[in-house]
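# Summary of the model geometry
Here is what each chain is made of, one letter per residue.
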Protein chains: 6
Amino acid sequence: MAKMYLTRREVFSASHRLWNQELSDEQNFELYDKCANPNGHGHNFILEITVAGNVKGESGFAVDFKKLKHLVRTEIIEKVDHKHLNYDVDFLKGTIPTAENIVRAFWHVLESKNSEAKLYSIRLHETENNMVEYRGEE
Amino acid sequence: MAKMYLTRREVFSASHRLWNQELSDEQNFELYDKCANPNGHGHNFILEITVAGNVKGESGFAVDFKKLKHLVRTEIIEKVDHKHLNYDVDFLKGTIPTAENIVRAFWHVLESKNSEAKLYSIRLHETENNMVEYRGEE
Amino acid sequence: MAKMYLTRREVFSASHRLWNQELSDEQNFELYDKCANPNGHGHNFILEITVAGNVKGESGFAVDFKKLKHLVRTEIIEKVDHKHLNYDVDFLKGTIPTAENIVRAFWHVLESKNSEAKLYSIRLHETENNMVEYRGEE
Amino acid sequence: MAKMYLTRREVFSASHRLWNQELSDEQNFELYDKCANPNGHGHNFILEITVAGNVKGESGFAVDFKKLKHLVRTEIIEKVDHKHLNYDVDFLKGTIPTAENIVRAFWHVLESKNSEAKLYSIRLHETENNMVEYRGEE
Amino acid sequence: MAKMYLTRREVFSASHRLWNQELSDEQNFELYDKCANPNGHGHNFILEITVAGNVKGESGFAVDFKKLKHLVRTEIIEKVDHKHLNYDVDFLKGTIPTAENIVRAFWHVLESKNSEAKLYSIRLHETENNMVEYRGEE
Amino acid sequence: MAKMYLTRREVFSASHRLWNQELSDEQNFELYDKCANPNGHGHNFILEITVAGNVKGESGFAVDFKKLKHLVRTEIIEKVDHKHLNYDVDFLKGTIPTAENIVRAFWHVLESKNSEAKLYSIRLHETENNMVEYRGEE
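Right, let's walk through the structure included here. For every chain, the first residue of its written sequence is number 1, and the numbers climb from 1 along that sequence. Chains carry letters from A onward and ligands carry numbers from 1 onward, assigned in written order. Whole-chain, interface and lining totals are the exception, using all residues; otherwise, since this is a predicted model, local features are given only for residues with pLDDT of at least 70 and side-chain atom pairs are given and counted only at 80 or more. For the side-chain quantities, the full set of heavy atoms in the structure was used; hydrogens and water were omitted.

## Considering helix α3 (residues 99-113) of chain B
Here α3(B) spans 21 Å end to end across 15 residues, near enough to the 21 Å set by a 1.5 Å rise per residue. Relative accessibility thresholds used throughout: buried, under 20% of the residue-type maximum; exposed, over 50%; partly exposed, between the two (1.4 Å probe, protein chains only). Strands are runs of DSSP state E lasting at least two residues, helices are runs of H or I lasting at least four, and both sets are numbered from the N terminus onward. Buried within α3(B) are the following residues: B:A99, B:E100, B:N101, B:I102, B:V103, B:A105, B:F106, B:W107, B:V109 and B:L110. When checking whether two residues touch, look at their non-hydrogen atoms; a contact exists if any pair is within 4.5 Å. In this structure, the buried residues of α3(B) make contact with β1 (3-16), β2 (41-54), α2 (65-80), β4 (118-125) and β5 (130-134) of chain B together with β1 (3-16) of chain C. By this rule the span expected of a helix is its residue count minus one, scaled by 1.5 Å.

## Describing the interface of chain D and chain E
Counting residues at the interface gives 21 residues for chain D and 22 residues for chain E. Where chain D abuts chain E, roughly 1900 Å² becomes buried across the two surfaces, and 49% of that area is made up of carbon and sulfur atoms. Values labelled buried area give the accessible surface lost by two parts on being combined, using a 1.4 Å probe and summing over both. Broken down residue by residue, the surface that chain D buries against chain E is led by D:M4, D:Y5 and D:E58, which jointly contribute 28%. Basic side-chain nitrogens of Lys or Arg form a salt bridge, by our definition, when they fall within 4 Å of a carboxyl oxygen of Asp or Glu. If you look at where chain D meets chain E, you find 0 salt bridges. Broken down by secondary-structure element, the contributors of at least two residues to the side of chain D that touches chain E are β1 (3-16) and α2 (65-80) of chain D. For the side of chain D that touches chain E, the leading source of residues is β1(D), giving 7 residues. Residues are grouped as follows: nonpolar covers Ala, Val, Leu, Ile, Met, Phe, Trp, Tyr, Cys and Pro; charged covers Asp, Glu, Lys and Arg; every other residue, Gly included, is treated as polar. Residue composition of the side of chain D that touches chain E, grouped by class: 11 nonpolar, 4 polar and 6 charged. Paired strands, in this sense, are two strands between which DSSP finds at least two bridges. Here 5 bridges tie β1(D) to strand β5 (residues 130-134) of chain E, and the two strands are oriented antiparallel to one another. Following the sheet pairing, D:L6 is matched in β5(E) by E:V132.

## A look at the pairing of strand β2 (residues 41-54) of chain E
All names here are of chain E. For β2, the tally of buried residues reaches 12 of 14 residues, placing the bulk of the element in the interior. Bridge count between strand β1 (residues 3-16) and β2: 14 bridges; the pairing is antiparallel. Within the sheet, the bridge partner assigned to M4 lies in β2 and is G53. Pairing of β2 with strand β4 (residues 118-125), which is carried by 7 bridges, proceeds in the antiparallel orientation. Bridge pairing in β4 places L47 opposite L124.

## Here's the deal with the environment of F:I76
Residues and elements named next belong to chain F. Position of I76 among the secondary structure elements: in helix α2 (residues 65-80). The exposure class assigned to I76 is buried, which follows from its relative accessible area of 0%. Placed 56 residues apart in sequence, I76 and V132 show a C-alpha to C-alpha distance of 17 Å.

## Thoughts on the interface of chain B and chain A
The interface is formed by 24 residues belonging to chain B together with 24 residues belonging to chain A. Interface of chain B and chain A: buried area, both sides summed, is about 1700 Å²; carbon and sulfur atoms make up 43% of it. Of all residues in chain B, B:N39, B:N44 and B:H82 bury the most surface against chain A, accounting for 33% of the area lost on that side. Along the contact surface separating chain B from chain A lie 4 salt bridges. With a shortest N-O distance of 3.0 Å, B:D81 and A:K34 are connected by a salt bridge. Listed by contribution, the elements that provide at least two residues to the side of chain B that touches chain A are β1, β2 and β3 (83-84) of chain B. When the residues that make up the side of chain B that touches chain A are grouped by side-chain class, the tally is 5 nonpolar, 12 polar and 7 charged.

Next comes the structure, spelled out in structure tokens:
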């Protein structure tokens, strides 16, 4: 019953704007700087979803990567790729789409859908230099 | 007088929307598909600027990378990073911001400003899998 | 009429064995060393297809990346991905599948199918350190 | 006595076929899809071996990377590089060479040979998008 | 109060020489091999700093990446980039600059300066194949 | 007689200092800035050697990568890896080791030794963002 951690990597291209409607313009630009640009900006977000599970003798799989890929693509990628995260994504409505809030929203989407294995970690690379990871800890 | 090709790489995060106002909505979605999404989408665009010049004996430089970096950052990156390419960039106004049109616009900006060496190639990676190069050929 | 070079990158996972049936076993192992291993070995081959074409005013495209991707996937990737290049691929039959012979075979397949733009270069990375490029020069 | 985690990265090129002889052909193709291709397929597998140990004052090393590299190359890489994992590797005989089973087999090989530091994690990237990690948890 | 792990990546170019003055020349070359070369050698060191903190509702940030970047650049990068680690860096004086000793020294520098979030991990890639991580465990 | 371009990639870790002894200290620091640091600094230099040749029917090789690798390793890598380029390398003596001068020196070394194929291009990546290419043009 060896425990394995499987990571599926996907990329999506989206835009977003960081803006808190409860703050003044000045406070928003102070807080979010160029990320507050009114027309938004975008990234090729790199997403890494890690699930944990035990290897099954019959298949030699802990999780079937084909199923994990299908899950991530249908539940996440199809809904965020080539979209504006502030306006076009149901499960992000009312959220300031910082990397932190995006990974937490992804966690809630996947946690309820993923039955074969336990969700372990979600990592989101916004740029080559900035990455956020969430492990379900509250 | 050895001829060298020097490439400076920069990354910028921007959003854009592909849309030709002279075409119908149907034609635009047929042509641009998900890139026509009304609220736009974005990328971490990777830009590679190549200039060509001869090595100078005194410095051992063909071009000073510090100056090339400064040129690319002030003329290009500061104007497009964390911006919406359809609305926020003077030299792209009135242009459909496809990768092809972006690199040609960058060429025109740099060609007039770059005096130390000859502009040789501009490459723009929109995603990990799609890249456009322009070498000034008309 | 700006001329652009567009590159589509794809990855495929395949196995191959380097072996010339007209040579002796000794000659084959001398020539191909560990690449002559009877049961074969494999790679994640990284393929870069570059086509050249002029930008069209209406679309701002030189070539539509969606069409280029479709072409490369249907004509090449679907036929070689998760395959053994010595046995499973019609257009490689009778060829020693060196990187050189593979890119030339890919060239012939794409040259006859690609109508929108001119095939300019095919690059195949066999490993992180070894890459072969063909530009149609005979 | 600072505790450090040292990771050595190696790449090997191998082929494999996923097939469980106790299942029917239909079940195998249902389970393994294109990975069940009779002639096999291959990858440039990227391997990351992490060991943990305390820094020694005299050397400033927790583990000598030269020794770790030598261990991984002689015990693993020389035995799997340019090989077919189903047929050519003693310690994989009788195993369905899924990424999960490969990392567990590597763990058993290294655990018995590694004396200088404690084996902490083995990660195997089968493609750019699929990775499996094992930490010795049963 | 979701807990997030934020990683900032930076690169610095430096040289170093591994040499323990309390050992003989022979012992040093035996221990450090080519890393003991008298004139030193160098790397593009890739540094990954991970901090952990809870997301704040007002900003949607656990940590402000702008501040983390500023901290890492002013406290670390400006002091080690384009420097010789044996001679030019105050906080490394008297230390054999192995990757292990470098990350521990960086930890001590950052631990005392970082107030917004808890330092979680420092990773230093010396080459593409060798990486050391420290998590503050003594 | 298909013409192929084969590229071998190697990495070496070295240090250097940019300094022209015929200039004043002030002029040197003005010209080379932080690259003039007296104790030097270093890089993981990434080297790409491209040779061109025709495919031979018997082998399916234009050039044997094993021989190209051997050539580059014995003539270049063994002489520059873990060295200080200003002091430790015979064929760089008396040269200011800018990327431009390094690639030209490498060209002269390889041109006289490479008999199987024609040297086409040498590319040297000093950092992730700065690269110099030389094609033998004087």
